[in-house]
Amino acid sequence: MIKKLIIPFLALLCTISCSRDNEFSNGSSDYNHTRPVGASANDLLSNNRYNSLLIEIQYMPGYAPNSQAVDHLKNFLSTFLRKDGGITVIQREIPGTSSSTLSADDIRQIENTNRTVFTNGSTLAINILYTNGKYSGNSNTLGIAYRNTSIALFGKTIQENSGGFGQTSRTKLEATVLEHELGHLMGLVNLGSPMQTDHKDSSNGNHCNNQNCLMYYASETTDILGFIINGNVPQLDNNCKADLKANGGK
């Protein structure tokens, strides 16, 4: 969910990044995990500074990740990231929230309290949060990318719109949202991975103008349901692939 977050929160993130650095340090790393979305795109894509990736998935009770969706995500990342040291995913349950809706600031505070995995040595770290609340900005939102190494999925909204009679499978919907939001961390579209050809959807923020591409804006809201009910998880189009490759990816 980049369009609505990147402008209003950019100044805020720049203002508070120094004060929050200590909250995101494991004592042996000075990596700044509070920068804007896309700021770590080259670190994520290339093998230059970090040759391995560690992903911590934190989930609230009742909203554990779909195992097949996580496998799909690992295959997706292996396709585009240069990480000779490998990609590792760990999962951990955290306390749920009593609120039925969560703002972007609420989500940042949850991460501040619960995140345990940080960039260290040659390993870059990413945090993925599965919440039990809906997004306060738009109840149809399925996921958001809100920091340079952080995304959140709204588990309740995903579960309500998948896996039932006449609905798309949970694996397919969850994998779509996971990969779309990770695409933003990888710098798409024009968020840290410069466009090789102009393909930004000017009406919908940092998204691709190809409705068949994973980075089309609909992939992070329930608007995607009509696209994937009978199809597969959307793929990156050639323009998005070219951007990633030019910024150090495969």
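Above this text is the structure in question.
Just so it is clear, the model here is predicted, and its values are computed rather than measured.

(A) Molecular detail of the packing of helix α3 (residues 67–80) against helix α6 (residues 170–185). One can describe the packing of α3 onto α6 by two numbers: an axis separation of 8 Å at closest approach and a directional angle of 35°. α6 is crossed by α3, and the crossing has right-handed handedness. Side by side, α3 and α6 meet where Gln68, Ala69, His72, Leu73, Phe76 and Leu77 of the first sit next to Thr171, Glu174, Ala175, Leu178, Glu179 and Leu182 of the second. Grouping the constituent residues of the contact of α3 with α6 by class yields seven nonpolar, three polar and two charged.

(B) Molecular detail of the nonpolar core. Ranked by internal contacts, the top residues of the largest apolar core, which has 47 residues, are Leu77, Ile128, Met186, Met215 and Leu236. When residues of this core are traced back to their parent elements, those giving at least two are α2 (41–45), β1 (52–59), α3, β4 (123–131), β7 (150–154), α6 and α8 (238–246). Every residue in contact with Leu236, bar those within four places of it in the chain, is listed here: Phe76, Phe80, Leu188, Cys213, Leu214, Met215, Lys241 and Leu244. In this structure, Leu102, Ile107, Leu129 and Phe154 belong to the second largest nonpolar core, which totals twelve residues.

(C) Representation of the environment of Asn206 in the model. Relative to the helices and strands, Asn206 is located in the loop between α6 and α7 (225–228). In this structure the side chain of Asn206 is engaged in a polar contact, spanning 2.9 Å, whose partner is the backbone oxygen of Val189.

(D) Fine view of the pattern of salt bridges. One pass over the full model with this rule turns up nine salt bridges. In this structure, the salt-bridge partner of Arg115 is Glu111, at a minimum N-O distance of 2.8 Å. Classification of Arg115 as buried rests on a relative accessible area of 5%. The partner of Lys156 in a salt bridge is Glu160, and the shortest N-O contact between them spans 3.4 Å. Placement of both Lys156 and Glu160 in helix α5 (residues 155–160) is noted, with a separation of four residues, approximately one turn of the helix. What makes Lys156 partly exposed here is its relative accessible area of 30%. Residues joined in a network through salt bridges with shared partners are Glu111, Arg115 and Arg147.

(E) Focus on the packing of aromatic side chains. Applying the stated criterion across every chain, the model contains four aromatic pairs. Ring centres of Tyr31 and Tyr50 lie 5.7 Å apart, and the angle between their planes is 90°; this geometry places the pair in the edge-to-face category. Taken as a pair, Tyr31 in the loop between α1 (6–21) and α2 and Tyr50 in the loop between α2 and β1 lie far apart in primary sequence, 19 residues in all. For Tyr31, a relative accessible area of 7% translates into the label buried. Overall, the relative accessible area of 5% leaves Tyr50 in the buried class. Both rings, one in Tyr216 and one in Tyr217, keep their centres 4.8 Å apart while their planes meet at 55°; by these two values the pair is tilted. Owing to a relative accessible area of 26%, Tyr217 belongs among the partly exposed residues under this scheme.

The rules behind these values
Residues numbered from 1 in each chain as written. Predicted model: local features only at pLDDT ≥ 70, side-chain atom pairs only at ≥ 80, totals over all residues. Heavy atoms only, no water. Axes fitted to C-alpha atoms, helices over the stretch in contact; angles between N-to-C directions. Helix = DSSP H or I, 4+ residues; strand = E, 2+ residues; numbered from the N terminus. Left-handed = near helix turned anticlockwise from the far one by under 90°. Contact = heavy atoms within 4.5 Å. Nonpolar A, V, L, I, M, F, W, Y, C, P; charged D, E, K, R; others polar. Core = buried A, V, L, I, M, F, W, Y, C linked by side-chain atoms within 4.5 Å. Buried < 20%, exposed > 50% of the residue type's maximum accessible area, 1.4 Å probe, protein only. Polar contact = N/O pair within 3.5 Å; in protein donor to acceptor, adjacent residues only side chain to side chain. Salt bridge = Lys/Arg side-chain N within 4 Å of Asp/Glu carboxyl O. Phe/Tyr/Trp six-rings, centres within 6.5 Å; stacked < 30°, edge-to-face > 60°.

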